[in-house]
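# Reading the structure
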Amino acid sequence: MKRNSKSPVLLPGAVAGLLLLAATQLGVAGMYQLADLGVLNGEAAAINNAGQIVGWTYNTSYYTDFAAFWTNCNSPPVNLSVGPDFYPYENQAAAINSSGQIVGLELDYNFSYFGGFWNNSRSEGESLGAGTFYAQAYGINDSGQIVGVAELVYRMPHAA
């Protein structure tokens, strides 16, 4: 496809700036409020349509991550339990669907990273990607389909 020499060229930053300007002029920017989730050392990664939030919290004493679940922006975080084969650190929740199914990352006793799956905030974590060198889940849709990355061969990541 040939570009018309008279059409303007927009850089990515310029496009973002135009979108922000348009949103501000339409009043969209003012409809959001910042909510403090009450965790000094932590990150929120995803929210579903019910307002449930997932992410992780840091334990600064041990430099560990705990997969976290918030019922809503006013609730305290719940550390997601992990299965018996996993260390209680380096677990992160990355996504949650409308059914409350959660995916993310877990570290096992062999110091291997696997995709983590929690059926809800009260279930034990399950490992995804057994037989891989590394696996991580990034997203889950309302049908329960999970996407992420897996290394079947060391240092050869594949979309999974």
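Before reading on, note that the structure itself is shown above.
The structure presented is a predicted model; accordingly, all values stated were derived computationally and were not measured.

Another aspect to go through is the pairing of strand β7 (residues 113–118). Within a regular beta strand, the side chains point alternately toward one face of the sheet and then the other, so they alternate between its two faces. The buried count for β7 comes to five of six residues, which makes it a mostly enclosed element. As paired strands, strand β6 (residues 102–107) and β7 are joined by six bridges and run antiparallel to one another. Note that in β7 the partner of L107 across the bridge is Y113. The pairing of β7 with strand β8 (residues 126–128) spans three bridges and is classified as antiparallel. Residue pairing in the sheet places G115 in a bridge with L128 of β8.

Attention now goes to the side chain of Q52. Its location among the elements puts Q52 in the loop between β1 (42–47) and β2 (53–59). Within the structure, Q52 has its side chain in polar contact with the side chain of N48 (distance 2.8 Å). Filtering out sequence-adjacent residues up to four positions away, Q52 remains in contact with A46, I47, F69, W70, T71, I96 and G100.

A cluster of nonpolar side chains, contributed by L152, V153 and M156, occupies part of the molecular surface with about 310 Å² of accessible area. Inspection of the secondary structure assignment puts M156 in strand β11 (residues 156–159). Note on M156: relative accessible area 46%, which makes it partly exposed.

Before going further, it helps to examine the environment of A150. Within the secondary structure layout, A150 lies in strand β10 (residues 146–153). In the structure, A150 is positioned 18 residues away from T132 in sequence and 6.6 Å away in space, judged by C-alpha atoms. Apart from residues lying up to four places away in sequence, A150 is in contact with T132, Y134, A135, M156, P157, H158 and A160.

On to the environment of N141, then. Checked against the element boundaries, N141 lands in the loop between β9 (134–140) and β10. Spatially, the C-alpha atom of N141 lies 8.1 Å from that of S98, the residues being 43 residues apart in sequence. A distance of 2.8 Å separates the side chain of N141 from the side chain of Q145, its partner in a polar contact.

Analysis parameters
- Residues numbered from 1 in each chain as written.
- Predicted model: local features only at pLDDT ≥ 70, side-chain atom pairs only at ≥ 80, totals over all residues.
- Heavy atoms only, no water.
- Buried < 20%, exposed > 50% of the residue type's maximum accessible area, 1.4 Å probe, protein only.
- Helix = DSSP H or I, 4+ residues; strand = E, 2+ residues; numbered from the N terminus.
- Pairing = 2+ DSSP bridges.
- Polar contact = N/O pair within 3.5 Å; in protein donor to acceptor, adjacent residues only side chain to side chain.
- Contact = heavy atoms within 4.5 Å.
- Patch = residues over 30% accessible without salt bridge, like charges linked within 9 Å, V, L, I, M, F, W, Y side chains within 5 Å.
- Areas by Shrake-Rupley, 256 points an atom, 1.4 Å probe, with all protein chains shown as cover.
- Salt bridge = Lys/Arg side-chain N within 4 Å of Asp/Glu carboxyl O.

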